Amino acid sequence: MTNQFNVGDIVEGKVSQVKPFGAFVQLDTKNRGLVHISQVSQNYVKDINDVLSVGDTVKVKILSVEDGNKIALSIKQAMPQEKREEKRAVSSNEFATASASYDNNHSASTGSHLEDLLKEFTRQSNERHADINKRLKR
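Residues numbered from 1 in each chain as written. Predicted model: local features only at pLDDT ≥ 70, side-chain atom pairs only at ≥ 80, totals over all residues. Heavy atoms only, no water.

A.B. asks: Looking at this structure, I do not really get the overall build of the protein chain. What am I missing?
C.D. replies: A count of helices and strands for the protein chain gives 2 helices and 5 strands. Going residue by residue from the N terminus, the α and β elements of the protein chain occur as β-β-β-β-β-α-α. A burial count over the protein chain gives 23% of its 138 residues as buried. Considering only contacts in the protein chain between residues 6 or more positions apart, those separated by 24 or more positions represent 52%. (Helix = DSSP H or I, 4+ residues; strand = E, 2+ residues; numbered from the N terminus. Buried < 20%, exposed > 50% of the residue type's maximum accessible area, 1.4 Å probe, protein only. Contact = heavy atoms within 4.5 Å.)

Encoded structure:
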């Protein structure tokens, strides 16, 4: 790899391959890097295919360059600072609004309601784990 890519640089590239764990981005004719799924968006990404496709042009920030050719990239960190702060503020405001709405609509006797929600979450989580274990045993 040439020294044309430095940690912290923001460059443009094309998505060349999409995998469940992330996307490979072709930076030039010789170099490509990986955007891990956690670095694709400010929001949670369950399925990377919902966000990226082969051929998409993206701006990425270079997070690290290892062994001269392993390049770690981030799409979400390539966003301008204002956009990242705006997204965080929206998420915080949405949480505060939902929380206030919940508090206004439920009385002090909601302890059992919370327990019911936790039980339902645990049940769904256990079902997901069982499903994953079944798939892995195939």
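A.B. asks: For this particular structure, what's the right way to read the packing of aromatic side chains?
C.D. replies: Aromatic ring pairs are defined here through the distance separating the ring centres and the angle between the ring planes. Applying the stated criterion across every chain, the model contains 1 aromatic pair. Note on phenylalanine 21 and phenylalanine 24: the rings are 6.3 Å apart at their centroids and 90° apart in plane angle, and the pair reads as edge-to-face. Owing to a relative accessible area of 40%, phenylalanine 21 belongs among the partly exposed residues under this scheme. Judged by relative accessible area, which is 17%, phenylalanine 24 ranks as buried. Seen from the ring of phenylalanine 24, arginine 32 lies directly overhead, with NZ or CZ sitting 4.2 Å from the centre. (Phe/Tyr/Trp six-rings, centres within 6.5 Å; stacked < 30°, edge-to-face > 60°. Lys NZ or Arg CZ within 6 Å of the ring centre and 35° of its normal.)

A.B. asks: What should I look at first to understand the nonpolar core in this one?
C.D. replies: Grouped burial of nonpolar side chains is what soluble globular proteins tend to show. Core analysis: the biggest nonpolar cluster contains 19 residues, and Leu27, Leu52, Val60 and Leu73 have the highest contact counts within it. Looking at this core, the elements with two or more residues in it are strand E1 (10-19), strand E2 (22-26), strand E4 (57-66) and strand E5 (70-74). Non-local contacts of leucine 27, meaning those with residues more than four positions away in its chain, are made with Phe5, Val11, Glu12, Arg32, Gly33, Val60, Ile71 and Leu73. (Core = buried A, V, L, I, M, F, W, Y, C linked by side-chain atoms within 4.5 Å.)

A.B. asks: Please explain a nonpolar patch on the surface as it appears in this structure.
C.D. replies: Judged by side-chain polarity, Leu114, Leu117 and Leu118 come together as a nonpolar surface patch covering roughly 280 Å² of accessible area. Tracing the backbone shows leucine 117 in helix H2 (residues 111-137). (Patch = residues over 30% accessible without salt bridge, like charges linked within 9 Å, V, L, I, M, F, W, Y side chains within 5 Å. Areas by Shrake-Rupley, 256 points an atom, 1.4 Å probe, with all protein chains shown as cover. Salt bridge = Lys/Arg side-chain N within 4 Å of Asp/Glu carboxyl O.)

A.B. asks: Hey, could you run me through the environment of asparagine 6 in this one?
C.D. replies: You can see asparagine 6 is positioned in the segment before E1. In the structure, asparagine 6 is positioned 59 residues away from valine 65 in sequence and 7.6 Å away in space, judged by C-alpha atoms.

A.B. asks: What is the right way to read the pairing of E1 from this model?
C.D. replies: Sheet faces and side chains relate simply in a regular strand, where the side chains alternate between the two faces. Two elements, E1 and E4, share 5 bridges in a ladder whose sense is antiparallel. When the bridges of E4 are listed, valine 11 appears paired with valine 60. (Pairing = 2+ DSSP bridges.)

A.B. asks: Sorry if this is basic, but what is going on with the pairing of E2 here?
C.D. replies: Of all 5 residues in E2, 4 are buried, a share of seventy percent or more. Of the pairings in the sheet, the one linking E1 to E2 comprises 5 bridges and is antiparallel in character. Looking across to E2, one finds that lysine 19 is bridged to glycine 22. Between E1 and E2, which pair antiparallel in sequence order, lie 2 residues. Hairpin connection between E2 and strand E3 (residues 32-36): a loop of 5 residues separates the two successive antiparallel strands.

A.B. asks: I would appreciate a short explanation of the pattern of salt bridges in the present structure.
C.D. replies: A pair can form between side chains of opposite charge whenever their charged atoms are brought close. Taken as a whole and judged by the stated rule, the model has 3 salt bridges. Put simply, arginine 135 and aspartate 131 hold a salt bridge, and the shortest N to O gap is 2.3 Å. Here arginine 135 and its partner aspartate 131 are both found in helix H2, 4 residues apart, which amounts to about one turn of the helix. Three or more residues are tied together by salt bridges with common partners; here these are Glu120, Arg123 and Glu127.

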